[in-house]
Amino acid sequence: LATAPLRAVPVEVPVPEEGFAADLRRALAGPVHSISPKYFYDAEGSRLFDLICGLPEYYPTRTERGILSAYASEMAEEIGRGCDLVEFGAGSCSKVRLLLDHLRPRRYLPIDISGEHLEQAAAQLEREHPGLLVLPVTGDYTAQVHLPPPLEGAPRVGFFPGSTIGNFTPAEALQFLRMAAKMLQGGGLLLGADLVKDPALLHAAYNDAQDVTAAFNLNLLARANRELGCRFDLRAFWHSSFYNAAERRIEMHLVSRKRQQVEVGGAEFELEEGFSLHTENSCKFTVDSLRRLALQAGFRPGAVWTDERRLFSVHWLRA
Ligand code: AVI
């Protein structure tokens, strides 16, 4: 029996659309009405976040800064001086300033998605620390970033402050830590993590009296109006933020105050009164839960520093 030669038939695999518009459409359509918190951070969102960091109710920033200032020299003893320091999501490079004089790294590689802002911050830092080599790297540190080759004899040490790890899903957090453990082999990671605490304190931190956090949350829709030509009426949405104790996380949502029609790039959506768009999780950890997670990712958990009230923690994780 003669057989016909096999011919390759091209298979068309649909590529899911990417970006803000596609993700917003998917979130509105459901079945899961949630969108990544990364969309908060356009220029206005970053400005509002900087304001949040200075609010009296928002304890994480000043508490972590307090821990870094108080224990910088102890941290340097643990970590060792002269490392090749990589910061994930460095922004204005402000927290690293608290470590530099003690840690005395040979080189500092701040990674951030916002290139222009990073270049300026890096140039300013180099002026303040004439002996320090600063090489800014523009990119998304949750994806693959290409770093300059390691320095001979200088272990690579990561710095990830702010408890941004808490904004990842558990799967994303594990994936990020696994990637970091590989990248930082022979060195380690200095990681800031917010702790489980009295829900009243957490509630206040994400529902501040001046409504800056509400503006930060609503900026997601304002950004869609600016960038995608949407016409969201911001007054028709309510900032909802609460502590989900079972999941140990603050959840932020934007809740529709009424039945309304919205449009994103030509697609229309009918939102019920009470429709809730989940915009952020901010997971809280215990010292032990964070150490278990780090162990699972391939780190060897080392020293931990906290403030007196045990609001926030900074972990040294050896890789
Ligand atoms: C950036 N991140 C750690 C902040 C947090 O606390 O989860 C973002 C934030 N959301 C509302 N307020 C601050």
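Owing to the predicted nature of the structure, the values given are computational and were not obtained by experimental measurement. (Residues numbered from 1 in each chain as written. Predicted model: local features only at pLDDT ≥ 70, side-chain atom pairs only at ≥ 80, totals over all residues. Heavy atoms only, no water.)

Draft legend 1. How the structure looks around the site of the ligand. The ligand sits among 13 residues. The nearest are Tyr58, Asn167, Tyr206, Glu280 and Ser282. Contact distances for the ligand include 2.5 Å between an oxygen atom and a side-chain N or O atom of Tyr58. Taking Glu280, its side chain carries an N or O atom lying 2.8 Å from a nitrogen atom of the ligand. Across the complex, the protein chains shield 96% of the 340 Å² of accessible surface that the ligand would expose by itself. Those elements giving two or more residues to the shell around the ligand turn out to be helix 2 (43-53), helix 8 (212-228) and strand 11 (276-283). Of the residues assigned to the shell around the ligand, the class counts are 6 nonpolar, 6 polar and 1 charged. (Near = heavy atom within 4 Å. Polar contact = N/O pair within 3.5 Å; in protein donor to acceptor, adjacent residues only side chain to side chain. Areas by Shrake-Rupley, 256 points an atom, 1.4 Å probe, with all protein chains shown as cover. Helix = DSSP H or I, 4+ residues; strand = E, 2+ residues; numbered from the N terminus. Nonpolar A, V, L, I, M, F, W, Y, C, P; charged D, E, K, R; others polar.)

Draft legend 2. How the structure looks around the layout of surface pockets. In this structure, the second largest pocket encloses a volume near 330 Å³. The wall of the second largest pocket is formed by 17 residues, among which Pro170, Glu247, Cys283, Lys284 and Phe285 lie closest to the centre. Mapped by element, the contributors of at least two residues to the lining of the second largest pocket are helix 6 (170-183), strand 11 and helix 9 (287-296). With 3 residues, the single largest contributor to the lining of the second largest pocket is helix 6. Partitioned by chemical class, the residues of the lining of the second largest pocket number 9 nonpolar, 4 polar and 4 charged. (1 Å grid on protein atoms, 1.4 Å probe; cavity = no way out; pocket = protein on both sides within 12 Å on 5 of 7 lines; lining within 4 Å. Points joined across faces, edges and corners; volume = space filled by probe spheres on them.)

What is shown is where atoms sit, not what they do.
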